[in-house]
Amino acid sequence: MADPIVHTTGLRKDFGDVAALTGLDLEIPPHVVYGLLGPNGAGKSTTVRILSTLTRASGGQAVVAGFDVARRPDSVRRVIGLAGQDAALDHALTGRENLRIFGRLSRLGVRGARQRADELLARFDLTAAADRLVSTYSGGMSRRIHLIASLLRAPTVLFLDEPTTGLDPRSRIGVWESIRDLVADGTTVLLTSQYLAEVDQLASAVAVIDHGRLIAEGSPARLKSRIGSHIDVVVESMDHLAGAMAVLERLTGRRPEADGPHIVVAAVGEVPPLPQIVRELDAAGTGIRDIGIREPSLDDVFLSLTGSAAETREVMA
Amino acid sequence: MILLADGWTLTLRKLLQLRHQPGTLIAMLIMPMVFVVLFGFVFGSAIAVPGGGNYREYLLPGLFVMTAVPAIATAMLAVATDQGRGVTDRLRSMPTHRAAVPLGQTGSDGLTGLFGLAVMLACGLAVGWRAHNGIGQTLAGVGLLLLFRYTMSWIGTYLGLVIPLPTADSLAPLTFPIGMLSNAFVPTAGMPAWLRVICDWNPISATVAACRSLFGNPGVPGPDAAWPLAHPVTATLLWLALLLLIFVPLSVRRFARAGL
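Because the structure is predicted, anything quoted here is derived from the model rather than measured.

Caption draft 1: Focus on the overall build of chain B. Along chain B, the regular secondary structure elements total 13 helices and zero strands. When its helices and strands are written in sequence order, chain B yields α-α-α-α-α-α-α-α-α-α-α-α-α. Relative to the compact-globule value of 18 Å for 260 residues, chain B shows a C-alpha radius of gyration of 19 Å, a close match. Principal axes of the C-alpha set define a box for chain B whose edges measure 60 × 35 × 35 Å. Split into buried and exposed, the 260 residues of chain B put 46% on the buried side. In chain B, the share of contacts with a sequence separation of at least 24, taken over all contacts with a separation of at least 6, comes to 82%.

As structure tokens, this is what we get:
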């Protein structure tokens, strides 16, 4: 693996008596979308705020693009972009004016800021709306201009804190497309999200954090393989239920769970191929109406890592 | 250099806002006229100036100061809005000079203040107010008014950084009535003792008294008045210097460290 571009060791943050981070170790390789996943209050935003110099850590070390965030915050600010949870724009100005002002404040110079704003608007296909006041924008439009504003300096590392929270599904897909475009530029993106599907869609590596520390890390595929696949079977009638469950238990070595005629087995490791399962069920004389092997979602991964289902539901909401 | 460039960019931002919201400028034109008619002719018809003199001559310096007081609310709301929307965090994550944001906020407000004062002076001249003490003292009075308004902006900037937006929203309308606890519209001599002490020591009263004295308008308190009113120019300068010494470093520090 290439040298990490973001590196934290034993990062801690206390807000009074509340510990938001309790010793976080992260190594983020360059040129990837790195997902930071965790329930509300897990420490995602605190991590982003420390890495983007907005908050000082209570302990530990954080290095971004070679600069210690506590000792060289100004150097860090020159190589990062931040798009926080709210669309941080001046509503009384147009989108283009917002970008120009932020560009000038990012040390691009008057002409540089103007050119960069035009260039980004054209590239993200937002020229049509650029000269309307931000107060007239839809949520998705504000969020995209907000995203562009974090790209003005062509950052080496881009922090996106819940970039699509509160957006409708269509706008969300638009923002996802923009984020994919960025990685093509070689930008490293640290993305926090409550939406597991979002991380699954965008990230090539994921860190799951809970209670302020890392509890799992890897590619979404690897995380999923840790808990194996699900076999879903729907039997023709309740008479066949017991027989089908016996066959499935023998094949996978796991105890199936039934909900009416619907049986689910969470398999670990290798799953027998589908045709074999069908043959064995048929040989045992069980009629099946539907059968499938389902990849676990990150949702399942999350559930198995962080525990209670109730907590996860809340996270999904 | 960077500080000035960034400060100017943030000032420009406010000017662009005004271009999109011409209503703000129109309100700035109409408000002084409403004040002059309301206080000069509606209330003024029933108020007598101690030691004689025209009430509108007495009133206008009070209005010059009073129209600068809401700069506290303007700055507070602008800063609290930026903070609430995350704009402040965005600026703090960029290589922008740490002091530029409060400087731009107060600088731009100073420019609109200059415009507002010009309108107010024109209104005053139209209803018969005059400065009688020559060009030097007149300019000194105008300078004092601008410095007063600039100080109010810094107070508002700090309040906006520490007060969340919804609270700031409900506090903003209080600035004007609090400003009226002064000698701006009526002499303090007739007030109950406890209130008179508050009004006499209100920095607004010192500034109003200083303007009356510099412009040569009636109602300048005698040497037996409370100290700030008996020495209004000195008292005003001391007040404003003290307030700036408190609120400029507080605002700059608060901006650089906000959210830590």
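After that view of the structure, there is still more to cover.
Caption draft 2: How the structure looks around the overall build of chain A. Helix and strand content of chain A: 12 helices and 14 strands. When its C-alpha atoms are laid out on the principal axes, chain A stretches across 80 × 45 × 35 Å. Residue burial in chain A is summarised as follows: out of 317 residues, 43% are buried. Taking all contacts inside chain A whose residues are at least 6 apart in sequence as the whole, residues at least 24 apart take part in 68%.

Caption draft 3: Looking closely at the interface of chain B and chain A. Contact with chain B, which involves 20 residues of that partner, is made by 24 residues of chain A. Secondary-structure elements contributing two or more residues to the side of chain B that touches chain A are helix 1 (2–20) and helix 5 (87–92) of chain B. Per element, the largest residue contribution to the side of chain B that touches chain A is six residues, and it comes from helix 1 of chain B. Within the side of chain B that touches chain A, the residues separate by chemical class into six nonpolar, eight polar and six charged.

Caption draft 4: Up close: the confidence of the model for chain A. With 94% of its residues at a pLDDT of at least 70, chain A reaches an overall mean of 86. Between residues 308–317 of chain A, whose pLDDT stays under 50, and residues either more than four places distant or in other chains, the model counts 10 contacts.

Caption draft 5: Spotlight on unusual backbone geometry. All names here are of chain A. Although it is not a glycine, His 31 sits at a positive phi angle of roughly 60°. With respect to the helices and strands, His 31 occurs in the loop between strand 2 (18–28) and strand 3 (33–37). A positive phi angle, near 70°, is found at Thr 53, a position not held by glycine. If you trace the backbone, Thr 53 turns up in the loop between helix 1 (44–51) and strand 4 (59–64).

Caption draft 6: A look at the environment of Leu36(A). Residue and element names in this part refer to chain A. Tracing the backbone through its elements, the reader meets Leu 36 in strand 3. Judged by the 28 C-beta atoms lying within 10 Å of it, Leu 36 falls in the buried class. Not counting the four nearest positions on each side in its chain, Leu 36 is found in contact with Lys 44, Thr 47, Leu 190, Leu 191, Thr 192, Ala 207 and Ile 209.

Caption draft 7: Geometry of the packing of helix 2 (residues 22–43) of chain B against helix 3 (residues 55–66) of chain B. Residue and element names in this part refer to chain B. Viewed as axis vectors pointing N to C, helix 2 and helix 3 meet at an angle of 135°, and their least axial separation amounts to 10 Å. One finds that helix 2 runs oblique with respect to helix 3. Seen from above, helix 2 lies across helix 3 with right-handed handedness. Every residue of helix 3 that contacts helix 2 at Phe 35, Val 36, Phe 39 and Gly 40 is listed here: Arg 56, Leu 59 and Leu 63.

Caption draft 8: Local environment of helix 13 (residues 232–257) of chain B. Residue and element names in this part refer to chain B. Taking 1.5 Å as the rise per residue, helix 13 with 26 residues should run 38 Å; its terminal C-alpha atoms sit 37 Å apart, in good agreement. All of the buried residues in helix 13 are Pro 232, Ala 235, Thr 236, Trp 239, Leu 240, Phe 247, Ser 251, Val 252 and Phe 255. Residues of helix 13 that are buried make contact with helix 6 (100–126), helix 7 (134–162), helix 11 (203–215) and helix 12 (227–230).

Caption draft 9: Structural view of the pairing of strand 11 (residues 230–235) of chain A. All names here are of chain A. Burial along strand 11 is one-sided: Ile 231, Val 233 and Val 235 are buried, while His 230, Asp 232 and Val 234, pointing the other way, are not. Relative to strand 13 (residues 262–266), strand 11 runs antiparallel, the two sharing five bridges. What sits directly across from Val 234, in strand 13, is His 262. Strand direction decides the pairing type here: strand 11 and strand 14 (residues 288–294), joined by six bridges, are antiparallel.

Caption draft 10: Structural context of the sheet that holds strand 4 of chain A. Residues and elements named next belong to chain A. The four strands lie next to each other as 2-1-4-5, forming an open sheet whose pairing is antiparallel. Across the chains shown, the open sheet's two edge strands, defined by having one partner strand only, are strand 2 and strand 5 (67–68). One ladder, built from five bridges, connects strand 1 (residues 6–15) with strand 4; its direction is antiparallel. Bridge assignment links Arg 12 to a residue of strand 4, and that residue is Gly 59.

Caption draft 11: Inspection of the environment of Arg13(B) at higher detail. Residue and element names in this part refer to chain B. With respect to the helices and strands, Arg 13 occurs in helix 1. Accessibility expressed as a C-beta count within 10 Å gives 22 for Arg 13, which makes it buried. C-alpha separation for the pair Arg 13 and Gly 179, spaced 166 residues apart in sequence, amounts to 29 Å.

Caption draft 12: Representation of the environment of Thr96(B). With respect to the element layout, Thr96(B) can be found in the loop between helix 5 and helix 6. For Thr96(B), a count of 24 C-beta atoms within 10 Å puts it in the buried group. Distance in space between the C-alpha atoms of Thr96(B) and Asn54(B) is 51 Å, their sequence separation being 42 residues. Dropping the residues within four chain positions of it, Thr96(B) is found in contact with Leu105(A), Asp6(B), Leu91(B) and Val101(B).

Caption draft 13: Just the confidence of the model for chain B, in detail. Here chain B averages 90 in pLDDT, while 99% of its residues score no lower than 70. The complex prediction reports pTM at 0.82, with the ipTM value standing at 0.86.

Caption draft 14: Fine view of the nonpolar core. Counting 126 residues, the largest nonpolar core has Phe159(A), Val189(A), Leu190(A), Leu191(A), Val65(B), Met76(B) and Cys211(B) as its most contacted members. The contacts of Met76(B), once residues within four sequence positions are left out, are Gly156(B), Leu159(B), Gly160(B), Ile163(B), Ala168(B) and Ala172(B). Counting residues in hydrophobic clusters, the runner-up holds 10 residues, among them Ile231(A), Val233(A), Ile277(A) and Leu281(A).

Caption draft 15: The arrangement of the packing of helix 1 of chain B against helix 6 of chain B in detail. Residues and elements named next belong to chain B. Put simply, helix 1 and helix 6 touch, their axes get as near as 8 Å, and they point 50° apart. Put simply, helix 1 runs oblique to helix 6. Every pair of crossing elements has a handedness; the one defined by helix 1 and helix 6 is right-handed. The residues of helix 6 that touch helix 1, namely those facing Leu 3, Asp 6, Gly 7, Thr 9, Leu 10, Thr 11, Lys 14 and Leu 15, are Ala 100, Val 101, Leu 103, Gly 104, Gln 105, Gly 107, Ser 108 and Leu 111. Considered class by class, the residues forming the contact of helix 1 with helix 6 number seven nonpolar, seven polar and two charged.

Caption draft 16: Structural view of the pairing of strand 6 (residues 80–83) of chain A. Residues and elements named next belong to chain A. Here strand 6 shows no split at all, with Ile 80 and Leu 82 on one side and Gly 81 and Ala 83 on the other all buried. Here four bridges tie strand 6 to strand 7 (residues 157–161), and the two strands are oriented parallel to one another. The residue of strand 7 that forms the bridge with Ile 80 is Val 157.

Parameters at a glance
Residues numbered from 1 in each chain as written. Chains lettered and ligands numbered in written order. Predicted model: local features only at pLDDT ≥ 70, side-chain atom pairs only at ≥ 80, totals over all residues. Helix = DSSP H or I, 4+ residues; strand = E, 2+ residues; numbered from the N terminus. Rg over C-alpha atoms; globule rule 2.2 N^0.38 Å. Buried ≥ 20, exposed ≤ 12 C-beta atoms within 10 Å, placed from the backbone. Contact = placed C-beta atoms within 7 Å. Nonpolar A, V, L, I, M, F, W, Y, C, P; charged D, E, K, R; others polar. pLDDT = per-residue confidence, 0-100. Axes fitted to C-alpha atoms, helices over the stretch in contact; angles between N-to-C directions. Parallel < 35°, antiparallel > 145°, perpendicular 65-115°, else oblique. Left-handed = near helix turned anticlockwise from the far one by under 90°. Expected span 1.5 Å × (residues − 1). Pairing = 2+ DSSP bridges. Core = buried A, V, L, I, M, F, W, Y, C linked by C-beta atoms within 7 Å.

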